[in-house]
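The lines below spell out each chain.
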Amino acid sequence: MTDTPTKVIVDCATGESTTVPLTAEELAQRETDRLAYEAQEAERKAAEEAKETAKASANAKLKALGLTDSEIAAITA
Amino acid sequence: MELIESKTLGTAAASIEFTSIPQDGTDLVALYSIRATADTDTFNFKLNGSSSNFTQRYLRAEVGSVNSAARSDDDFVTSMPKSGFTANTFSNGSLYIPNYTSSSNKSISEDTVSENNATDGRLKINAALWSNSAAITSMTFEAFTGNFATGSTISLYKITKGSDGIVTTS
């Protein structure tokens, strides 16, 4: 059995602190937020990888044209 | 700057919420030293219980990577040391919200660092906007998975304009 995650509530008016289980609604929202974050991170990483792949492909084509590494660096930096 | 409340976890918890934030300040500041129990370094930030209507741009630096991106999934996410990072180390983080009782949208700046076994120091800087006209009455930090580790501390402060007795406001 898994314990329900808890929330610590600090009441700034009284200074009192209480610990309560997250509600079903809060747990669902937490999961929704996590999935949205992971989806966007996956999208960002895929875009970065695609950019790196395109860069490597472009470099290879420039080399095939006869450019040296320093010449490629000079025009792509 | 005046301390409103500070909380150090005696037991790990998934979420820490400050409620009934006094409305007599001008700016809000949160300083935090936190750590995840799970192998996930992200946590979510909510205002008035809402994780919606945030837009965010971040700059993140870690070993082998520096990247910046705008987030469009509506919530405001930032980082902390995850379970495999140097034992017993906690993040240094700060968050600033000016004019938190105003009826305008709220701008947010945030920065945090963490350290990983002397091989990786991480930095993240966030700029965000919460598009909501409500005065901020509560603030929540929520781990996406697992908990904030025992010993994690969050302190909430308010800054009141003119309160230093030197600057006169009108």
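Located above this text is the structure these notes cover.
First, a word on what this report is: a plain description of the structure on this page. Position numbers for residues start from 1 in each chain and track the written sequence from start to end. Think of it this way: whatever chain is written first is A, whatever ligand is written first is 1, and the rest follow in order. Totals for whole chains, interfaces and linings use all residues, but because this is a predicted model, local features are given only for residues with pLDDT of at least 70 and pairs of side-chain atoms are given and counted only at 80 or more.

A few points about the overall build of chain B
Helix numbering and strand numbering both begin at the N terminus, where a helix is a DSSP run of H or I of at least 4 residues and a strand a DSSP run of E of at least 2. When you go through chain B residue by residue, the secondary structure sums to zero helices and 12 strands. Its helices and strands taken in sequence order, chain B reads β-β-β-β-β-β-β-β-β-β-β-β from the N to the C terminus. Its C-alpha atoms give chain B principal-axis dimensions of roughly 50 × 35 × 30 Å. Partly exposed residues are those whose C-beta has more than 12 but fewer than 20 other C-beta atoms within 10 Å; with 20 or more the residue is buried, with 12 or fewer it is exposed, and the C-beta atoms are placed from the backbone. Taken over 170 residues, chain B has a buried fraction of 39%. Here contacts are defined at the residue level, using C-beta atoms placed from the backbone and a cut-off of 7 Å between them. Residue pairs in contact within chain B that sit at least 24 positions apart in sequence constitute 79% of those at least 6 positions apart.

A closer look at the overall build of chain A
A count of helical and extended segments in chain A gives two helices and two strands. Ordering the α and β elements of chain A from the N terminus gives β-β-α-α. Against the 2.2 N^0.38 benchmark of 11 Å for 77 residues, chain A shows a C-alpha radius of gyration of 25 Å, more extended than a compact globule. Projected onto its principal axes, the C-alpha positions of chain A cover 75 × 30 × 20 Å. Looking at chain A as a whole, 8% of its 77 residues are labelled buried. Between the two quantities, the radius of gyration covers C-alpha atoms and the globule rule is 2.2 Å times the number of residues to the power 0.38.

Considerations on the pairing of strand β1 (residues 6-11) of chain A
Residues and elements named next belong to chain A. Two strands pair under a simple rule: DSSP has to find at least two bridges between them. Both β1 and strand β2 (residues 17-21) contribute to a ladder of five bridges, which runs antiparallel. The residue bridging Thr 6 from the neighbouring strand is Pro 21, located in β2. Between β1 and β2, which pair antiparallel in sequence order, lie five residues; one of them, Gly 15, sits at a positive phi of approximately 80 degrees.

Some details on the sheet that holds strand β6 (residues 65-71) of chain B
All names here are of chain B. If you trace the eight strands from one edge of the open sheet to the other, you get β1-β12-β3-β8-β9-β10-β5-β6, paired in antiparallel fashion. The outermost strands of the open sheet, each flanked by one partner alone, are β1 (2-8) and β6. In this sheet, adjacent strand axes meet at a mean angle of 10 degrees when their direction is disregarded. In this sheet, β6 lies alongside strand β5 (residues 54-62) in antiparallel orientation, the contact comprising seven bridges. Bridging from a neighbouring strand, Ala 61 pairs with Val 66 of β6. To get an axis, a line is fitted to the C-alpha atoms, and for a helix only the part in contact is used. The angle between two axes follows their N-to-C directions and goes from 0 to 180 degrees.

Topic: the pairing of strand β8 (residues 92-97) of chain B
Residue and element names in this part refer to chain B. In the sheet, strand β3 (residues 27-33) pairs with β8 via five bridges, with the strands oriented antiparallel. Note on β8: the bridge partner recorded for Val 29 is Tyr 96. Here β8 pairs with strand β9 (residues 106-116) via five bridges, running antiparallel. The partner of Tyr 96 across the bridge, within β9, is Ser 109.

Everything listed is a geometric property; what it means functionally is a separate question.
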